Amino acid sequence: MRLNSHPSGRHFLQIPGPTNVPDRILRAMDNPTIDHRGPEFNALAKKVLRSVRQVFQTKQPVIVYPASGTGAWEAALVNTLNSGDTVLMWETGHFASLWKKMADRLGIKSEFMGGDWHKPADPAAIEKRLKEDTGHVIKAVCIVHNETSTGVVSNISAVRRAIDAAKHPALLLVDTISSLGSIDYRHDAWGVDVTVAGSQKGLMLPPGIGFNAVSPRALEAAKSAKLSRAYWAWDEIIAMNVDGYWPSTPNTNLLYGLAESLDMLLGEGLPAVFARHDRWAAAVRAGVDAWQLPIQCADPARRSPVLTGVLLPAGVDADAVRRLIYERFDVSLGTGLGKVKGRMFRIGHLGDSNDATLIATIAACEMGLKLAGVALAASGVQAAMEHFSAHPARFRAGESRKDQ
C-alpha cells in the first residue's frame, strides 16, 4: 500500500470533505500526547469547550465525542427520543436518506417528506404537516442544513418559524456536518435543539470528532428518553466537562488540532469566513455557468457555499470523467451519491483553499471535460478569473485576517 505517492507538486483534494488540513493544524497535532487526566489537558479542554460554542453561536453545552459525524447523528437521536417515536425528516439528498436509515434501525418511525434532490426543505410544507398532527405524534423534525451530496442549503430559521407557527412541540434536530465553520449557522438564534457536526469539513481537521450542541429543551427531553445509550449519553459528559475532563478517553491530538482550528476561524472572524466561502462559490458557479452545464441545486438562492454539484449530459459517465481528471491532473473531485451516482461530480470549495487553488481546479475540470468529449459553451476558467478579479478578497496575502 502506497500513501502520499502522488507525482511532483501537491495533490488537489477538492472533494467536499474530508477537506485539506492546514499546515498549522498538522503541526499542532504533531505534539506529544499528554495525560488526559492531567493539568495541561485540563487547560486545553476548557479552552476548546469555550471556543467551540462561539463557532456554533451558542451559549449552551457542546458535547464533543471521539466519533464521526455518523456517531453524532446517533447521539442526537438516542438522547432525545424513544423507541416507536415518530420523526419528520426532509429528503434533500443522500445524507438525509442515511440519517433516516439510522432512525429506522434504532426503532424510530421516520416520516420522509420531499424527495426532490434539487431543492431544500420546504418550511410551508413542514408547517402544514405539523398542523395536521393534532395529537403531537411527531416528536422531532430532522433537517440537513447543507446537503453534501447535492449542494442544497435549507433555511433552518424558516423551519423553526414553521414549527412555531404550527404551535407544535417537536424538537428541531439539524445536521451541520458540512456547513459548520463555512456557512452562517446560529444554534441559539434559530432555536435549534440539537446541532450535529463533524470535524472533517469546515473545521479543517481529519475525521474523528463528532459534536452535539444542545438546547435546554433537548436536555429536558433527554431525562425521559428511553433509547439505549451509554457511550453517547450526554449527562455524564456534560458533568465532567465542567471540570475539563471526559468520562472516556478523548482523542487528545485531534483536540490539539481543534484548538488550532478554532483559533484560526475565530481569529479571522466568522463573518469573514462565511464571506470567503460565498465568494469562492460564486466564482466556481460562474465557471460552471460558462460551460453551460446544469448545477444540481435548482434554486440559485439556496446553492451551497461549500460545494457545487455539476450535472453532465445524458450518456456521459461522470465517474469516468472524475477518474480521467484524477489520473491526468492529480485532482480529486466528489462523486455523485445515491440517486445521482454517475450523473454528476462535486467540486468542493471550502476550508483551506484560495483563489488560485480553485482556478486550477476549474482548469483541471475543463481539460478533463474536453478530453471526455463534453461540449462546453465557453471557458469556465476565464469566467472564474474574471469573477475573482471583479470581486477582490478583503485581505492581501501576508496580512492578518483578524485586522480586516
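This text goes with the structure placed above it.
A short tour of the structure in this document, coming up. Model, not experiment: these values are computed from the prediction.

**Quick word on the overall build of the protein**
Then comes step 1: Per the secondary structure count, the protein includes 13 helices and 13 strands.
Then comes step 2: In terms of C-alpha radius of gyration, the protein reaches 21 Å, essentially the compact-globule figure of 22 Å for 404 residues.
Then comes step 3: Expressed as lengths along the three principal axes of its C-alpha atoms, the size of the protein is roughly 60 × 55 × 45 Å.
Then comes step 4: Within the protein, the fraction of its 404 residues that count as buried is 54%.
Then comes step 5: Considering only intrachain contacts with a sequence separation of at least 6, the fraction spanning at least 24 residues in the protein is 73%.
Then comes step 6: For the protein, the accessible area works out to roughly 16900 Å², and carbon and sulfur atoms hold 53% of it.
Then comes step 7: Charge-centre separation for the protein: the mean point of 45 positive side chains lies 1 Å from the mean point of 40 negative side chains.

**Concerning the sheet that holds strand β5 (residues 138-144)**
Then comes step 1: Across the sheet, which stays open at both edges, the seven strands sit in the order β2-β10-β9-β8-β5-β3-β4 with mixed pairing between neighbours. Each edge of the sheet is formed by a strand with only one pairing partner; in this case those strands are β2 (62-66) and β4 (109-114). The sheet shows a mean angle of 20° between the axes of neighbouring strands, direction not considered.
Then comes step 2: Both strand β3 (residues 86-91) and β5 contribute to a ladder of four bridges, which runs parallel.

**With respect to the packing of helix α11 (residues 318-329) against helix α12 (residues 355-371)**
Then comes step 1: At a closest axis distance of 9 Å, the pairing of α11 and α12 adopts a crossing angle of 120°. Judged by the angle between their axes, α11 and α12 are oblique. In the packing of α11 onto α12, the handedness of the crossing is right-handed. Contact residues: V321, L324, I325, R328 and F329 in α11; A364, C365, M367, G368, L369 and L371 in α12.
Then comes step 2: When its residues are assigned to classes, the contact of α11 with α12 shows nine nonpolar, one polar and one charged.

**Overview of the packing of aromatic side chains**
Then comes step 1: All chains considered together, the criterion is met by seven aromatic pairs.
Then comes step 2: Their ring planes at 70° and their centres at 6.0 Å tell us that F41 and W246 sit as a pair that is edge-to-face. With F41 in helix α2 (residues 39-56) and W246 in the loop between α8 (234-241) and α9 (252-268), this residue pair connects regions lying 205 residues apart in the sequence. One exposure class covers both F41 and W246, and it is buried.
Then comes step 3: An aromatic cluster is built from Y65, Y231 and W232, whose rings are joined through pairwise contacts.

**Regarding the sheet that holds strand β11 (residues 307-311)**
Then comes step 1: Taken together, four strands build an open sheet; the order of strands is β1-β12-β13-β11 and the sheet is mixed. The open sheet is flanked by β1 (12-14) and β11, the only strands paired with a single partner. Averaged over all neighbouring strand pairs, the angle between strand axes comes to 35°, with direction disregarded.
Then comes step 2: By the bridge criterion, five bridges tie β11 to strand β13 (residues 344-348) in an arrangement that is antiparallel. Considered in β13, the bridge of L307 is made with G348.
Then comes step 3: Where α11 meets the sheet, its contacts fall on β12 (331-335) and β13, and the angle it forms with β12 comes to roughly 165°.

Procedures and definitions
- Residues numbered from 1 in each chain as written.
- Predicted model: local features only at pLDDT ≥ 70, side-chain atom pairs only at ≥ 80, totals over all residues.
- Heavy atoms only, no water.
- Helix = DSSP H or I, 4+ residues; strand = E, 2+ residues; numbered from the N terminus.
- Rg over C-alpha atoms; globule rule 2.2 N^0.38 Å.
- Buried < 20%, exposed > 50% of the residue type's maximum accessible area, 1.4 Å probe, protein only.
- Contact = heavy atoms within 4.5 Å.
- Areas by Shrake-Rupley, 256 points an atom, 1.4 Å probe, with all protein chains shown as cover.
- Lys, Arg positive; Asp, Glu negative; His and termini not counted.
- Charge placed at Lys NZ, Arg CZ, Asp CG, Glu CD.
- Pairing = 2+ DSSP bridges.
- Axes fitted to C-alpha atoms, helices over the stretch in contact; angles between N-to-C directions.
- Parallel < 35°, antiparallel > 145°, perpendicular 65-115°, else oblique.
- Left-handed = near helix turned anticlockwise from the far one by under 90°.
- Nonpolar A, V, L, I, M, F, W, Y, C, P; charged D, E, K, R; others polar.
- Phe/Tyr/Trp six-rings, centres within 6.5 Å; stacked < 30°, edge-to-face > 60°.

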